[in-house]
Amino acid sequence: MLQLVLTWTISRALIVSSLAVPISLMVCRMAGTRSTRIRTLRRHPVLLAALVPLFMPDLLTGFTYRLTSARLIHSVVATELLYGGLLLCRVTALQLAVLLILPSSAISRQSIHSWKLLRTSGRPNWYRTWLRMLVLGPYRSVLVAWIGGMLLCFQEFETAALLQIDRHPVVWAVWLFDAHAAGEPLSVSLSFAARSLLFQLALLLPAILLLRVGGRRQVSLPPGAAADAGLFAGRPALDSASTGRGMVWAVRWLILCSLVVTFVWPVASNLTALAGGFRTLVAQGGLVARIRQIGFSLLDCMLVAGAALAIGRWLWRRSDSFLTVAVLLPGLCGSLVLSLILLAAFQLPVLNRVYDSWLPMLLGQTLWLLPRAFLLVAVLSVLTPQTSIHGAILLRATGSRLLVATARQLVFRLRNVRWLLAVGILTHWCFWDVTIVSVLRPVRFEPIVTRLYNEMHFGRTETLVALTCLSLLIPLTVFVVTGMIWKVVAVPGNVRHD
Amino acid sequence: MSVKQNTFLVPLVLVTAAAAGLALLVNGGRTGGGDARLVVYCAHDAAYAQSVIDLFERQTGINVDVRFDEEANKSLGLTNLLIAEKDNPRCDVFWNNQTLGTVRLMSDDVLQPYLSPNADRIPSAFKDAGGNWTGFAARLRVYLVNTDQMAATEAAVAEKLSQESLSRVAIAKPQFGTTLSHYSVIAAEQGMDELQAWHQDIHRRGIREARGNSMTKDLVAEGICDLSFTDTDDAFVAIDDGKPVSMLPVRLQDGRTICLPNSVALIRGCSHPEPAKAFIDFLLSEEVELLLAQSKARQIPLGPVDESQLPAEVQELRVWAADGADLIPAGRVNQQVLDWLTAEHTGG
């Protein structure tokens, strides 16, 4: 049975992630070359719309479409298509984000073309070098995006659990949860998890390798190959192809559909319940308590995100593959297996005194978040414009007040904003995970996400919608305000550009 | 070129460590405390249980820390957690929203007997003679019928269930919750072989298997299925929403119904035994049974109460509950049923 469920889940991940690649590439092309992508993001609503599904909570998506799935009960294919479609929206957004932020290939199309011309010259290892140039060059971003999509599909749990009827959609994580919740001992659950772990490692290791080799280090080709092929930084091959008018419209329609499915419909269909939900919360006198609950959940997740990011950076700098795999391994087990292992560990006499504290939960959340944090660090490290930062830092040493202020602003934008965003993304992921907190939280702490689950189960849609709205808005406000305060502290005084 | 970057991460890590330390100081190592407080694990819905706990706090001055169960855990979460914590329990009282899970804890030596004076008002079919657990305020297993699709009569239900195709009938996953209890009651009454034959038969005929009773209720309320097996509290959610539904009690071959009470138990080796006993006494009181009967879940009092204070629906349910099957034999086969269902799930 395990074999079947794993095969089904991996096949779905393979299909969805592969389907998402051409779509995300087309959207990426619409944004133009990499040098203009980030600037375009602000002015390009289509790009922003395409990224929205990545930040919609799985809980809300699953809750909105649970009855749709129920109506498709008489067709297994339709249920699987619905789930696959929802995954496709999210995976496309993830792949787009990866393609947007990863730097362009260090190996140009011209270089590859030149190397192809050398094919008849009888150079040894020609094919090997050619393949290496392709993988580390124009296909590097695509491969990393594809792997990211596969991992996202494979680990998805919440939406599947809410949609599932008659065991469809077949999802490994849900299957494992059911097996353990029904009484399988931890050792058996771990043996079930082992195969999935191998699969995830087989995906993650090449991604790390691609980011390391093709990113911050020079690509080393055989002696003479670089000179023969004429290596230089340039536009990636896949960016340069012209995009037809029909294709542009097709992509826009796809993005619009994705936005409607993952954002507009879930919001619109629940909007009518929003006012009633707030009224109920106020009437029950629970509004302040729920806001406090969201605040504590947010604080917990921000701390965890910061810690995971710091550990991820430390791992990235050490470049110790064995240590990296060892530290990332617990998180790759998935939230259920990880939390059960920690639960068992904290029953040992030596750890039991701190069992009913925040420590087990913080540890569990940090370990779970580490693989994602590490990938973010890898991507951001590849992106960091060291030369520009160094230039800006040198500028700070000048005597001119205006220049110093400009330099500070520049350093803030180049160095700090991206890490704030990284903390924000990790916090968001941590905030909406229910499994670890439900197993490892201390008695006195009830995170808002567990409350949301219970409201959902008992069909209190109004309160659920109001709480979900608060749970999205409060963290967003906190991050915007934190960013503003940080900017004021880091960049004192206003800069006038006359 | 050496550029010192991301210095903010250093203070962030320090803040993390400081917060973790503070949290440890505030919460850590408190199991040996002797203050007037109590830790309760509660599988009953927070919205209904919280008001009962608040009332207890007001009446006694004892502070209660509650750990509610999550739907994500399918109510097995707290049971499994109590087993995991058996050697160093932090929970004092377990308030389960059903019975058989608590009976399983008894065999795992998690429970400590306590004969509450208020347990006298509960019929013997709904409590352990040794005082390991006591039932109160029950739910019933019911058929939920979509009245737009079929008549809400026992004859119509029997006819529906005898049809070759059950594609418009729904049941929840039997590994969890009250569906597991339902299966255990059948196994106790008819034997494991009969239960397995029935299970295979309804699945061969295409019964729809949802992840929980809440979804089986939705399937009928939305007209996607005509009939489902669910509980009274879920059925009342659909009725209160004005859906075209009606309910009938599920009856066993001998005509008895399946009445599943909440249960309360003292945890062996708990840190606060006296407040825990006071809480158990409180839960088993007439006052609490009335409170739960008047809640939206309309739970059925098992002991004698002032009938005039009961909602009309609960008075009707009380008649059905009077036919409830004895749960003690079901408790004995519960683990066997679960083992079989788990093996079916994993293919083991």
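As the structure is a computational prediction, the values presented were derived from the model and not from experiment.

Caption draft 1: Looking closely at the overall build of chain A. Looking only at helices and strands, chain A has 24 helices and 0 strands in total. Relative to its 498 residues, chain A shows a buried fraction of 47%. Summarising the internal contacts of chain A: among those between residues at least 6 apart in sequence, 82% fall at separations of at least 24.

Caption draft 2: Quick peek at the overall build of chain B. Within chain B, the regular secondary structure consists of 13 helices and 10 strands. Taking all 348 residues of chain B together, 51% fall into the buried category. In chain B, of all internal contacts separated by at least 6 residues, the share reaching a separation of at least 24 is 74%.

Caption draft 3: Molecular detail of the packing of helix α1 (residues 2-30) of chain A against helix α14 (residues 245-283) of chain A. Residue and element names in this part refer to chain A. At a minimum axis separation of 10 Å, α1 and α14 run at an interaxial angle of 115 degrees. One element, α1, and the other, α14, form an angle in the roughly perpendicular class. Handedness of the α1/α14 crossing: left-handed. Listed contacts from α14 to Ile23, Met26, Val27 and Met30 of α1 are Met247, Val248, Val251, Leu254 and Ile255. For the contact of α1 with α14, the class distribution of residues is 9 nonpolar, no polar and no charged.

Caption draft 4: Just the nonpolar core, in detail. By size, the foremost hydrophobic cluster in this structure holds 233 residues, and its most contacted members are Ala305, Ala308, Leu369 and Leu426 of chain A together with Val93 of chain B. Sorting elements by how many residues they give to this core places helix α19 (residues 359-383) of chain A first, with 15 residues. Beyond its immediate sequence surroundings of up to four residues, Val93 of chain B is in contact with Leu38, Val40, Val264, Leu266, Ile267, Ala276, Phe279 and Ile280 of chain B.

Caption draft 5: Region of the structure containing the environment of Lys243 of chain B. Topologically, Lys243 of chain B is positioned in the loop between α9 (232-240) and β9 (245-249). When near neighbours in sequence (up to four residues on either side) are disregarded, Lys243 of chain B contacts Ala221 and Ala238 of chain B.

Caption draft 6: Structural detail: the pairing of strand β1 (residues 37-42) of chain B. All names here are of chain B. With 5 of 6 residues buried, β1 lies mostly within the body of the structure. Here β1 pairs with strand β2 (residues 63-68) via 6 bridges, running parallel. Across the sheet, Tyr41 pairs through a bridge with Arg67, a residue of β2. Following the chain from β1 across helix α2 (residues 46-60) to the adjacent parallel β2, one finds a crossover that is right-handed. In this sheet, strand β3 (residues 93-96) lies alongside β1 in parallel orientation, the contact comprising 3 bridges. Across the sheet, the residue bridging to Val40 is Val93, located in β3.

Caption draft 7: Focus on the packing of helix α6 (residues 109-117) of chain A against helix α7 (residues 126-136) of chain A. Residue and element names in this part refer to chain A. Where α6 meets α7, the axes come as close as 11 Å, and the angle between the chain directions of the two elements is 170 degrees. If you check the angle between α6 and α7, you find them roughly antiparallel. Every residue of α7 that contacts α6 at Ser111, Ile112 and Trp115 is listed here: Thr129, Trp130, Met133 and Leu134. Its residues assigned to classes, the contact of α6 with α7 comprises 5 nonpolar, 2 polar and no charged.

Caption draft 8: Local environment of helix α10 (residues 273-283) of chain B. Residues and elements named next belong to chain B. Among all positions in α10, only Pro275, Ala276, Phe279, Ile280, Phe282 and Leu283 are buried. Along the axis of α10, the buried residues cluster in a sector spanning 160 degrees; they form a single face. If you follow the buried residues of α10, they end up packed against β1, α2, β3, β5 (134-146), β10 (259-267) and α11 (286-294).

Caption draft 9: Focus on unusual backbone geometry. Residues and elements named next belong to chain B. Positive phi, close to 65 degrees, is recorded for Asp109, a residue that is not glycine. Tracing the backbone through its elements, the reader meets Asp109 in the loop between α4 (100-107) and β4 (111-112). Here the phi dihedral of Arg298 falls at roughly 45 degrees; this positive angle occurs in a residue that is not glycine.

Caption draft 10: Quick peek at helix α8 (residues 213-221) of chain B. When you tally the buried positions in α8 of chain B, you get 9 out of 9 residues, the bulk of the element. Where α8 of chain B is concerned, the buried positions are Asn213, Ser214, Met215, Thr216, Lys217, Asp218, Leu219, Val220 and Ala221 of chain B.

Caption draft 11: Layout of the pairing of strand β6 (residues 169-172) of chain B. Residue and element names in this part refer to chain B. Alternating positions in β6 separate into two faces, Val169 and Ile171 on one and Ala170 and Ala172 on the other, with burial throughout. Strand direction decides the pairing type here: β6 and strand β8 (residues 227-231), joined by 2 bridges, are parallel. Pairing of Ala170 across the sheet is with Ser228, part of β8. Note that β6 and strand β7 (residues 208-210) share 3 bridges and pair parallel. What sits directly across from Ala170, in β7, is Arg208.

Caption draft 12: Broad picture of the environment of Asp148 of chain B. All names here are of chain B. By the secondary structure assignment, Asp148 is in the loop between β5 and α5 (154-162). Along the backbone, Asp148 and Asp226 are 78 residues apart, and their C-alpha atoms lie at a distance of 8.4 Å. If sequence neighbours within four positions are ignored, Asp148 has contacts with Gly223 and Pro244.

Caption draft 13: Inspection of the environment of Gly364 of chain A at higher detail. All names here are of chain A. Counting through the fold element by element, Gly364 comes out in helix α19. Using a count of 28 C-beta atoms within 10 Å as the deciding quantity, one classes Gly364 as buried. Spatially, the C-alpha atoms of Gly364 and Val437 are 8.5 Å apart, while their sequence positions differ by 73 residues.

Caption draft 14: How the structure looks around the confidence of the model for chain B. Residues and elements named next belong to chain B. When pLDDT is averaged across chain B, the result is 87; 87% of the residues are at 70 or more. Here residues 1-6 is modelled with pLDDT under 50, and outside its nearest four sequence neighbours on either side it reaches 11 contacts, counting other chains as well. Counted against residues more than four places away or in other chains, residues 25-34, with its pLDDT under 50, gives 16 contacts. Across the predicted assembly, pTM comes out at 0.81 and ipTM at 0.79.

Thresholds, definitions, all that
Residues numbered from 1 in each chain as written. Chains lettered and ligands numbered in written order. Predicted model: local features only at pLDDT ≥ 70, side-chain atom pairs only at ≥ 80, totals over all residues. Helix = DSSP H or I, 4+ residues; strand = E, 2+ residues; numbered from the N terminus. Buried ≥ 20, exposed ≤ 12 C-beta atoms within 10 Å, placed from the backbone. Contact = placed C-beta atoms within 7 Å. Axes fitted to C-alpha atoms, helices over the stretch in contact; angles between N-to-C directions. Parallel < 35°, antiparallel > 145°, perpendicular 65-115°, else oblique. Left-handed = near helix turned anticlockwise from the far one by under 90°. Nonpolar A, V, L, I, M, F, W, Y, C, P; charged D, E, K, R; others polar. Core = buried A, V, L, I, M, F, W, Y, C linked by C-beta atoms within 7 Å. Pairing = 2+ DSSP bridges. Right-handed = clockwise from strand over helix to strand, strands pointing away. Arc of directions from axis to C-beta. pLDDT = per-residue confidence, 0-100.

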